[in-house]
Amino acid sequence: MRILVRILLNMDLPMREFTNKSHVFIKSGAAERASMLPWLASVAISTCTVHCTSEVNENPRTKNAATCAKRPRVVLGTDFDGTFGGSDLDVDVAGSSDVQAACRDRLWPWVAEKQKIGELELIVVTGRRYDELKEFMTTFHIPAPSVYIGNVGVTVKDYASGEAREPLQSEIERLWGDNTRTITAIFETTFSQSEERTYRDTGEVFYEIQPQFINPDPRQDPGKRLSFNFWYPKELKNKAESDVQRFRDAVEAQTRVEIVPSLEALSNKRPSSAPNDSEWVKINLDFLPLGINKWGTLERVVREMYGDEYSEDNPLIVTAGDSGNDYDMLAPTRSRGIAVGNSKSDLKDLLGELNERRSESEQVFIAPPAEPGCAGIIAGLKHYRVLDADTHRLLN
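Predicted model, so just to flag it, every value in this text is computed and none were measured.

## A few points about the overall build of the protein chain
Scanning the protein chain from terminus to terminus reveals 13 helices and 13 strands. For the protein chain, the proportion of contacts with a sequence separation of at least 24, taken over those separated by at least 6, is 60%. Surface accessibility of the protein chain: about 19,900 Å² in total, with carbon and sulfur atoms responsible for 49%.

## Here's the deal with the pairing of strand β4 (residues 155-158)
Pairing analysis gives four bridges linking strand β3 (residues 147-150) to β4, with the strands arranged antiparallel. Bridge pairing links Y148 to K157 in β4.

## Quick look at the confidence of the model for the protein chain
In the predicted model, the protein chain carries a mean pLDDT of 75, and the fraction of residues at 70 or more is 65%. Mean pLDDT values over the elements of the protein chain span from 37, in strand β6 (residues 205-209), up to 97, in strand β13 (residues 365-366). Taken as a whole, residues 43-69 scores under 50 in pLDDT and shows 38 contacts with residues more than four places along the chain or in a different chain. Below pLDDT 50 for its whole length, residues 89-96 participates in 18 contacts with residues either more than four positions away or in separate chains.

## Regarding unusual backbone geometry
Backbone torsion omega between E166 and P167 reads 10°, so that peptide bond is classified as cis. Looking along the chain, the bond that leaves N314 and enters P315 is cis, with omega of -5°. In this structure, N151 is a non-glycine residue whose phi angle is positive, near 55°. The residue V152 is not glycine, and still its phi comes out positive at about 60°. Along the chain, V152 turns up in the loop between β3 and β4.

## Structural notes on the pattern of salt bridges
Applying the stated criterion across every chain yields a total of 15 salt bridges. Note that D131 and R129 form a salt bridge whose closest N and O atoms lie 3.4 Å from each other. Each member of the salt-bridge network shares a partner with another, and the members are D79, K294 and D326.

## Section: helix α13 (residues 373-383)
Of all eleven residues making up α13, nine are buried, and the element is well covered by its neighbours. Turning to α13, its buried residues number three or more, namely G373, C374, A375, G376, I377, I378, A379, G380 and L381. Following α13 by one or two positions, R385 adopts a phi angle in the positive range, close to 55°.

About the criteria used
- Residues numbered from 1 in each chain as written.
- Predicted model: local features only at pLDDT ≥ 70, side-chain atom pairs only at ≥ 80, totals over all residues.
- Heavy atoms only, no water.
- Helix = DSSP H or I, 4+ residues; strand = E, 2+ residues; numbered from the N terminus.
- Contact = heavy atoms within 4.5 Å.
- Areas by Shrake-Rupley, 256 points an atom, 1.4 Å probe, with all protein chains shown as cover.
- Pairing = 2+ DSSP bridges.
- pLDDT = per-residue confidence, 0-100.
- Salt bridge = Lys/Arg side-chain N within 4 Å of Asp/Glu carboxyl O.
- Buried < 20%, exposed > 50% of the residue type's maximum accessible area, 1.4 Å probe, protein only.

This is how it looks when you write it as structure tokens:
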């Protein structure tokens, strides 16, 4: 009875409602009390969640620490574009396509409900800028994550405040060191003998090798990451892979960084100044601080959140993605990886090879093409028996 009174006192209930609830429970018989237990359980969960949040906000020294007795037992760490945000953000989320309906009508409401009752922790791991992501999620009423991880793992923010999560963010910057200068010099040396440099009106450096196009983009987070996009005509895919490997080998020989490749065959996209009568292949290389990628940062955040509660079994970490830079987040046996149905071919190939080497219980779930975006996440949650196929409830 003392526990009941303490819970009720901790709630933001009007005094009349508090008095009525207490009186009914205390004066009721066993049957009536039993009927109130589901309400009481939800009150206990909500109270823990509210007081965990308020204690963290009031005490900056415990800002990134777990202060509740129990945190959500499931963490969903997901990419956004092509995944949690839908299969194609060129399609209006407010539209009526079946793809976006899987988000609006099924996944997003389910996530919001589980967040509300303290059963699910949502973390978005994306290439989108923080301000752009927040505006998009607010506009389309998408459930908000607790943490934003951006730029393939090198940027970590509290989603609500936009403040960097420390000390993790400072550690990432320390690990990067002077790699921007070193890798840029290697690029200049590797490709300087065979191309002519020109500058477009945007001021972006554009390297052209007839008929290949190589477009480095070091402007994204220059202090913590370098990203290079290499464009080649589709028929020169083998040469593209050879040239990029040469650059990659030189970087690996002279630095200690994390390298995340991604290969995408593009039929309707091309470099802006390239002729439009050819199909193109784009190879992306992300250079990150050693040990930092989508999974490396996600796991560090979860460990930090859960503190002493973290173990190999708690929480259950589910990850979802659709492209090559998501591989490191989907592959670890510590996570339950989901490759959605619209995943790029390079990711599916890598995961297919990985699954061949693993036992069935450790294989990454690859959704069929008919289940892109949010539909693929739902299929994966059911596959791992996180989500009941009939009731959409979390399973024990």
